[in-house]
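# Coordinate inspection notes
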Amino acid sequence: MGNKKLFIGSLFLFLLACGNKQYNVEELNAYVQNIDNGLLNKQERKGYHFTLYNRPTDLWVAQELRKETPTDSLLDLFRNKYDDYLYFILKISKEKKDALYASDGYGKFSELLQNLSFRMGDFVEMVTSEQDTVPLADAHYSRLYGMSEATSVMLAFNRERLQESDWVQVNMKDLGLNVGRTNYRFKSKDLLKAPSIDFKNLNFNN
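Conventions adopted
- Residues numbered from 1 in each chain as written.
- Predicted model: local features only at pLDDT ≥ 70, side-chain atom pairs only at ≥ 80, totals over all residues.
- Heavy atoms only, no water.
- Core = buried A, V, L, I, M, F, W, Y, C linked by side-chain atoms within 4.5 Å.
- Buried < 20%, exposed > 50% of the residue type's maximum accessible area, 1.4 Å probe, protein only.
- Helix = DSSP H or I, 4+ residues; strand = E, 2+ residues; numbered from the N terminus.
- Contact = heavy atoms within 4.5 Å.
- Salt bridge = Lys/Arg side-chain N within 4 Å of Asp/Glu carboxyl O.
- pLDDT = per-residue confidence, 0-100.
- Polar contact = N/O pair within 3.5 Å; in protein donor to acceptor, adjacent residues only side chain to side chain.
- Axes fitted to C-alpha atoms, helices over the stretch in contact; angles between N-to-C directions.
- Parallel < 35°, antiparallel > 145°, perpendicular 65-115°, else oblique.
- Left-handed = near helix turned anticlockwise from the far one by under 90°.
- Nonpolar A, V, L, I, M, F, W, Y, C, P; charged D, E, K, R; others polar.
- Lys, Arg positive; Asp, Glu negative; His and termini not counted.

## What to know about the nonpolar core
- Grouped together as the largest cluster of nonpolar side chains are 57 residues, with contacts concentrated most on Leu90, Met120, Leu155 and Phe157.
- Among the elements that line this core, the one with the most residues is strand S3 (residues 85-94), at six residues.
- If near-sequence neighbours (up to four positions away) are discounted, Phe157 is found in contact with Asp84, Tyr85, Leu86, Phe88, Val124, Glu125, Met126, Val134, Pro135, Leu136, Ala137 and Val170.

Below, the structure written as C-alpha cells:
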C-alpha cells in the first residue's frame, strides 16, 4: 500500500512538472513548428506551398524586450499590447523560392505585390465554429526582395470570440496565383493553451 501511494505521488509530481515546463524562445518556436501541437497548418496547390502558423503573444514580447530587463511593468506593457489579437504568419513558396518572385510575368508579379502589401483584408477572413465572421484586423507583408525562401505576411485577428468557439478557420481567397481558395482550421483549445515564456527564470536570445 505504501509503495502504491509513493508511486501515485511520484506520478503526480512528474505530471505537474511536465505541465509547468518553462519555455525559452527557441523552445516555444519549436513548439509552434511541431504540427502535432495544432498551431501550424499546411496546404499545397499547383506547386505552391502555403503554411499558416500561430505566433503566440510571448514571442512578440521577447521581440519587444530585446536586451531589456524583463520587469513586471514591461512584461505587462508588452503582453497587454498583443493579448487582444490572434497573430498568424502566412508563408507562401514555390520550389523553395519566394512566391512573389516565382510568379510568371510582370503583370502577375505586380498584382500579387499589391494584394500582399495593401489588399489582404479583401482576401482573408476568419470564421468560428459559431458561424461568426472575424475580419482581418491588420496585416504586414515583409518584403525581402527575393532573398527569402518564402513570401511572409503577418495576419492579425481580434481574439474576443476565441473562447466561445470550438475552432476557428482562416479562409483565404486566391491572391492571384490561380490556385483557388485555401482554408486553415485550428482548434481553439490549441491556440488558448500555447505556452508562455518564463522571462525571469530563463535566459533567452532574441
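Once you've had a look at it, read on.
## Re the pattern of salt bridges
- Enumeration over the complete set of coordinates arrives at four salt bridges.
- A salt bridge links Glu64 to Lys81, with the shortest nitrogen-to-oxygen separation between them at 2.6 Å. Residue Glu64 is found in helix H3 (residues 57-65), and its partner Lys81 is found in helix H4 (residues 72-82); the two are separated by 17 residues along the sequence.
- With a relative accessible area of 21%, Glu64 lands in the partly exposed category.
- For Lys81, a relative accessible area of 48% puts it in the partly exposed group.

## Remarks on the confidence of the model for the protein
- Within the protein, residue pLDDT values average 87, and 84% of them lie at 70 or more.
- Segment residues 4-19: pLDDT under 50, and zero contacts once partners within four positions in sequence are set aside and those in other chains are kept.

## Thoughts on the side chain of Asn115
- Inspection of the secondary structure puts Asn115 in helix H6 (residues 105-118).
- A relative accessible area of 2% means that Asn115 is categorised as buried.
- Only 2.6 Å separates the side chain of Asn115 from the backbone oxygen of Leu175, close enough to count as a polar contact.
- Among residues more than four places away in sequence, those in contact with Asn115 are Met120, Phe123 and Leu175.

## Comments concerning the packing of H3 against H4
- Remark: H3 packs on H4, axes separated minimally by 9 Å, with the N-to-C direction vectors making an angle of 130 degrees. Of the possible angle classes, the one that applies to H3 and H4 is oblique. Classified by chirality, the crossing of H4 by H3 is right-handed. Residue-level contacts link Thr57, Asp58, Trp60, Val61, Glu64 and Leu65 of H3 to Leu74, Leu75, Phe78, Arg79, Lys81 and Tyr82 of H4.
- Residue composition of the contact of H3 with H4, grouped by class: seven nonpolar, one polar and four charged.

## Remarks on the side chain of Arg55
- Residue placement: Arg55 occurs in the loop between strand S2 (48-54) and H3.
- It turns out Arg55 is buried and unbridged, and the closest side chain with the opposite charge, Glu64, is 9.5 Å from it.
- At 3.0 Å, the side chain of Arg55 and the side chain of Gln63 are in polar contact.

## Description of the environment of Phe88
- Mapped onto the secondary structure, Phe88 falls in strand S3.
- Sequence separation between Phe88 and Val153 is 65 residues; the distance between their C-alpha atoms is 8.3 Å.
- Excluding its chain neighbours within four sequence positions, the residues that come into contact with Phe88 are Leu52, Tyr53, Asn54, Arg55, Val153, Met154, Leu155, Phe157, Val170, Phe186 and Leu191.

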